[in-house]
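# Per-entry structural report
What follows is each chain in one-letter form.
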Amino acid sequence: MRRRRALGVFFILLFCISFLASCGGRSAAPSRPEVRPWPAAKKKAAYLGFTIQAGAFSNVANAARMTDSLRLQGLDAYYFVSSAGLYKVRFGNFATKRAALQKAETLRTAGVIEEFYIVSPEEYAVARRTSLGDDYLREQLIKTAGEFIGVPYLWGGTTPEEGFDCSGLVMAVYQLNGLDLPRTSREQYAVGEPANRNSLQKGDLVFFANGKKHPISHVGIYIGKGKFIHAPGRGKTIRVDTLSSRFYESRYMGGRTYL
């Protein structure tokens, strides 16, 4: 009788041990290494397709008017200073040259533009990225941004809080080099890869909270040594400021990279 009881107790203990082991109880066997999820893919700016270039104005206000008229057509347009010192306008992002030509002809027939030129993807700095590297592309971004210094930015959103002027400059600089970015500062912030302030590189974007309604309302292009180029407000000229200045230090929200 005692022997049967002892065997019963033994089997009960054996069952309990097996049960605990199967439900996460401790085991003398070494634990498996933690399985971590794959890191998220780095977000990069998409390459730009074919774009349309129109106009050659000595007066920036005329370029701004054409830019506004194109936006009324639902096109992301911007103006810039060409090497000849004239203001030109670019807009659109087309998968094929044929599509760009068709759109340009339609706009010319409607009287929105006159003469135009189709810009091919091979003409952008990003097309030489593979052979010349990221540093080359970054230098081209800040070189392009530097050409805007002193230029009045006359187009933008309906309120300062929308941050359209500053983001329009950023979009223009990137697109002139063949990289496509969203239109607003909040969208640009959302699609970028976070960049620590101490590791910012030339061409990265820096974001600020200048408005009252949204946490992201202003953006600039980092050019190195704690400085950035930006459009401080509609009607003002584009200029260089420092991240360490009291105004921007207190409003800094972070950096983003797209390369």
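Residues numbered from 1 in each chain as written. Predicted model: local features only at pLDDT ≥ 70, side-chain atom pairs only at ≥ 80, totals over all residues. Heavy atoms only, no water.

## Re the nonpolar core
By size, the foremost hydrophobic cluster in this structure holds 59 residues, and its most contacted members are Leu70, Tyr79, Val89, Phe91, Ile113, Phe148 and Leu205. Ignoring sequence-local partners within four residues, the contact set of Ile113 consists of Ala54, Met66, Leu70, Phe91, Ala104, Leu107 and Arg108. Core analysis: the next-biggest nonpolar cluster, separate from the first, contains nine residues, Ala195, Val206, Tyr222 and Tyr248 among them. (Core = buried A, V, L, I, M, F, W, Y, C linked by side-chain atoms within 4.5 Å. Buried < 20%, exposed > 50% of the residue type's maximum accessible area, 1.4 Å probe, protein only. Contact = heavy atoms within 4.5 Å.)

## Considering helix H5 (residues 134-146)
In this model H5 runs 18 Å from its N-terminal to its C-terminal C-alpha over 13 residues, within 8% of the 18 Å that 1.5 Å per residue would give. Three or more residues of H5 are buried, namely Leu137, Arg138, Leu141, Ile142, Thr144 and Ala145. Along the long axis of H5, the arc covered by the buried residues comes to 155 degrees, so they all point the same way. Residues of H5 that are exposed and point more than 90 degrees away from the buried face comprise Asp135 and Lys143. (Helix = DSSP H or I, 4+ residues; strand = E, 2+ residues; numbered from the N terminus. Expected span 1.5 Å × (residues − 1). Arc of directions from axis to C-beta.)

## Considerations on the pairing of strand E12 (residues 252-257)
Burial runs high along E12: five of the six residues are buried. In the sheet, strand E7 (residues 193-195) pairs with E12 via three bridges, with the strands oriented antiparallel. The residue bridging Glu193 from the neighbouring strand is Thr257, located in E12. Two elements, strand E8 (residues 205-208) and E12, share four bridges in a ladder whose sense is antiparallel. By the bridge assignment, Phe207 is partnered in E12 with Gly254. (Pairing = 2+ DSSP bridges.)

## Quick word on the environment of Ala61
Topologically, Ala61 is positioned in helix H2 (residues 60-71). On the basis of relative accessible area, Ala61 is assigned to the partly exposed category, the value being 23%. For the pair Ala61 and Pro152, spaced 91 residues apart in sequence, the C-alpha separation works out to 9.1 Å.

## Side note on the side chain of His230
By secondary structure assignment, the location of His230 is in strand E10 (residues 227-230). Its relative accessible area of 0% is what places His230 among the buried residues. One polar contact links His230 to His218, side chain to side chain, over a distance of 2.8 Å. At 2.6 Å, the side chain of His230 and the side chain of Asp241 are in polar contact. In this view, His230 contacts Leu169, His218, Val219, Gly220, Ile238, Arg239, Asp241 and Tyr248; residues no more than four positions away in its chain are not counted. (Polar contact = N/O pair within 3.5 Å; in protein donor to acceptor, adjacent residues only side chain to side chain.)

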